[in-house]
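Geometric and topological summary
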Amino acid sequence: MAVTVSIIGAGSMGSSLLKGMLSTDALNAESVRATTHSRASADRLTQDLGIEANATEDSESANADAAAAADFVFLGVKPWAIRETAASFAEALAKEAVIVSMAAGVSLDTLAEAFPNNPIARIMPNTPSAIGKGVIAVSPDNTMSQEQTAALTRLLSGAGEVFTVPESAIGGMIGISGSGVAYFFLLAEKLIAAGQELGLDEDTARRMAVATAEGAGLLLAADPDPAKLRRAVAHPGGTTAAAVDSFEADGFEQSVVRAARAAADKAAAMERENS
Ligand SMILES: NC(=O)c1ccc[n+]([C@@H]2O[C@H](COP(=O)([O-])OP(=O)(O)OC[C@H]3O[C@@H](n4cnc5c(N)ncnc54)[C@H](OP(=O)(O)O)[C@@H]3O)[C@@H](O)[C@H]2O)c1
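Cut-offs applied
Residues numbered from 1 in each chain as written. Predicted model: local features only at pLDDT ≥ 70, side-chain atom pairs only at ≥ 80, totals over all residues. Heavy atoms only, no water. Domains from an automatic or database assignment. Contact = heavy atoms within 4.5 Å. Buried area = accessible area lost by both parts, 1.4 Å probe. Salt bridge = Lys/Arg side-chain N within 4 Å of Asp/Glu carboxyl O. Polar contact = N/O pair within 3.5 Å; in protein donor to acceptor, adjacent residues only side chain to side chain. Nonpolar A, V, L, I, M, F, W, Y, C, P; charged D, E, K, R; others polar. Helix = DSSP H or I, 4+ residues; strand = E, 2+ residues; numbered from the N terminus. Buried < 20%, exposed > 50% of the residue type's maximum accessible area, 1.4 Å probe, protein only. 1 Å grid on protein atoms, 1.4 Å probe; cavity = no way out; pocket = protein on both sides within 12 Å on 5 of 7 lines; lining within 4 Å. Points joined across faces, edges and corners; volume = space filled by probe spheres on them. Core = buried A, V, L, I, M, F, W, Y, C linked by side-chain atoms within 4.5 Å. Axes fitted to C-alpha atoms, helices over the stretch in contact; angles between N-to-C directions. Parallel < 35°, antiparallel > 145°, perpendicular 65-115°, else oblique. Left-handed = near helix turned anticlockwise from the far one by under 90°. Near = heavy atom within 4 Å. Areas by Shrake-Rupley, 256 points an atom, 1.4 Å probe, with all protein chains shown as cover. Arc of directions from axis to C-beta. Phe/Tyr/Trp six-rings, centres within 6.5 Å; stacked < 30°, edge-to-face > 60°.

Our next topic: the domain arrangement of the protein. Split into domains, the protein comes out as domain 1 (5-165) and domain 2 (178-270). Computed over C-alpha atoms, the centres of domain 1 and domain 2 are 34 Å apart. Between domain 1 and domain 2, the residue contacts involve five residues of the former and four residues of the latter. When residues of domain 1 are sorted by the area they lose upon contact with domain 2, Gly 105, Asn 126 and Thr 127 head the list and together hold 70% of the total. Along the contact surface separating domain 1 from domain 2 lie zero salt bridges. Where domain 1 meets domain 2, there are zero residue pairs in polar contact (both at pLDDT 80 or more). For the side of domain 1 that touches domain 2, a count of residues per class yields two nonpolar, three polar and no charged.

The full count for this structure, using the stated rule, is 11 salt bridges. The salt bridge involving Arg 39 is made with Asp 43; its shortest N-O contact spans 2.7 Å. Separated by four residues within a single helix, Arg 39 and Asp 43 lie in helix 2 (residues 39-49), roughly one turn from each other. According to the relative accessible area criterion, Asp 43 is partly exposed, its value standing at 37%. A salt bridge links Lys 228 to Asp 223, with the shortest nitrogen-to-oxygen separation between them at 2.8 Å. Exposure remark for Lys 228: the relative accessible area of 41% places this residue in the partly exposed category. Owing to a relative accessible area of 23%, Asp 223 belongs among the partly exposed residues under this scheme. Each of Arg 39, Asp 43 and Asp 58 takes part in a single network of salt bridges with overlapping partners.

Attention now goes to the layout of surface pockets. Approximately 950 Å³ is the volume found for the second largest pocket. Lining the second largest pocket are 41 residues; nearest its centre among them are Gly 9, Gly 76, Val 77, Lys 78 and Pro 79. Of the residues assigned to the lining of the second largest pocket, the class counts are 18 nonpolar, 20 polar and three charged. Split by domain, the lining of the second largest pocket shows at least three residues from each of two domains, domain 1 (5-165) and domain 2 (178-270).

The next point concerns the nonpolar core. Judged by nonpolar contacts, the single largest core of 32 residues is most densely connected at Val 5, Met 21, Phe 72, Phe 74, Ile 123, Leu 152 and Leu 156. Residues in contact with Leu 156, not counting those within four places in the same chain, are Leu 17, Met 21, Phe 74, Ile 123, Ile 136, Val 138 and Val 162.

Orientation of helix 7 (residues 170-178) relative to helix 12 (residues 252-274), taken along the N-to-C sense of each, is 135°, at an axis distance of 8 Å. Classified by the angle between their axes, helix 7 and helix 12 sit oblique to one another. As helix 7 packs across helix 12, the resulting crossing turns out to be right-handed. In this structure, helix 7 uses Gly 171, Ile 174 and Gly 175 to contact helix 12, whose residues at the interface are Ala 260, Ala 263, Ala 264 and Ala 267.

Moving on to the site of the ligand. Within the structure, the ligand sits among 23 residues, and Ser 12, Met 13, Ser 38, Ser 41 and Val 77 are positioned closest to it. Between an oxygen atom of the ligand and a main-chain N or O atom of Met 13, the distance comes to 2.8 Å. Protein chains shield 73% of the accessible area of the ligand, which is 900 Å² for the free molecule. Mapped onto the shell around the ligand, the elements with two or more residues apiece are helix 1 (12-22), strand 2 (32-36) and strand 6 (120-125).

A word on helix 2. Inspection of helix 2 places Ala 42, Leu 45 and Leu 49 among the buried residues, and these make up the whole buried set. Viewed end-on, helix 2 has its buried residues packed into an arc of 65°, placing them on one side of the element. Away from its buried face, by an angle of more than 90 degrees, helix 2 presents the exposed residues Gln 47 and Asp 48. Within two residues after helix 2, Gly 50 carries a phi angle of roughly 70°, on the positive side.

For the rest of this paragraph, the subject is the packing of aromatic side chains. For the structure shown, the criterion picks out two aromatic pairs. Here Phe 89 and Phe 115 contribute two aromatic rings whose centre-to-centre distance is 5.5 Å and whose plane-to-plane angle is 40°, an arrangement assigned as tilted. Placement of Phe 89 in the loop between helix 4 (82-87) and strand 5 (98-101) and of Phe 115 in the loop between helix 5 (108-114) and strand 6 is noted, with a sequence separation of 26 residues between them. Phe 115 gets classed as buried once you look at its relative accessible area, which sits at 1%. Both rings, one in Phe 247 and one in Phe 252, keep their centres 4.7 Å apart while their planes meet at 35°; by these two values the pair is tilted. A residue is classified by how much of its surface remains accessible, and Phe 247, at 39% relative accessible area, is partly exposed.

Below, the structure is given as structure tokens:
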């Protein structure tokens with residue numbers, strides 16, 4: 001069954017998710033209404049995605065008008081703007097409309113204060129959602145029906161792999177996946193620098209690092225056992241084993257665990273600040 005969706009604040013992440021959702025057969029462009037602050041952003045959305053988009057700078061009721069008939073109302077404004085934006089449309093919502101917040105560091109309890117009469121899902125996407133290769137954690141509150149959770153999962157599957165998790169798992173998702181994409185980018189950056197230290201020119205080092213990341217990612221997706229894949233490259237006494245031994249001697253494992261924990265701890269601190 002086709003659903004209607006509104007995206008309140010269709011910026012970078014909101015429009016990435018929307019693009020993915022439109023690639024499924026669960027949503028048509030005619031069933032979407034989006035809002036932004038500026039007219040220029042709204043025009044861009046209409047041009048790029050063929051959807052109706054309106055700007056709050058043109059009309060104070062833009063959010064309420066967009067949210068009124070929607071089955072799912074996605075909130076894509078910045079975390080600090082959630083409460084004020086919620087006040088602009090909460091009363092216009094249909095009773096069964098599901099609020100879907102993508103805001104980092106805003107808990108279900110805080111969202112329930114802003115939307116006391118509607119079911120709420122908190123989601124956490126990562127940036128590859130923009131190319132349909134995201135990881136998206138979904139935490140429904142206890143008033144969302146199974147049908148609503150299933151319909152939301154179907155919509156979001158166009159943007160990547162969807163995991164329905166309790167809210168307590170969002171920190172872990174941020175630690176390894178929401179922020180985790182940047183760890184892979186950091187490794188690529190450092191490999192490019194290392195390649196130059198080893199005498200490669202920058203362009204060659206960049207292309208080699210990118211192709212290596214792509215090949216490793218595709219191999220891993222086909223055979224999701226990274227330790228096995230690593231052992232297949234790192235023969236005892238060989239070059240890869242020398243590199244892996246060097247990583248281990250530098251405390252690589254502890255460093256990765258500490259980094260993931262730092263991201264999860266930061267997410268928890270943001271939730272406390274926003275509560
Ligand atoms: N970017 C990420 O990697 C990422 C990852 C996970 C979660 N998130 C979450 O996604 C949310 C959005 O982040 P973003 O990076 O996509 O920010 P963004 O690109 O700045 O998008 C925010 C959007 O909200 C619009 N807006 C501002 N005030 C509004 C209002 N009163 N009513 C309606 N729309 C309004 C802005 O309009 P204009 O375009 O006219 O300014 C813009 O389109 C945040 O809560 C963030 O925590 C982001």
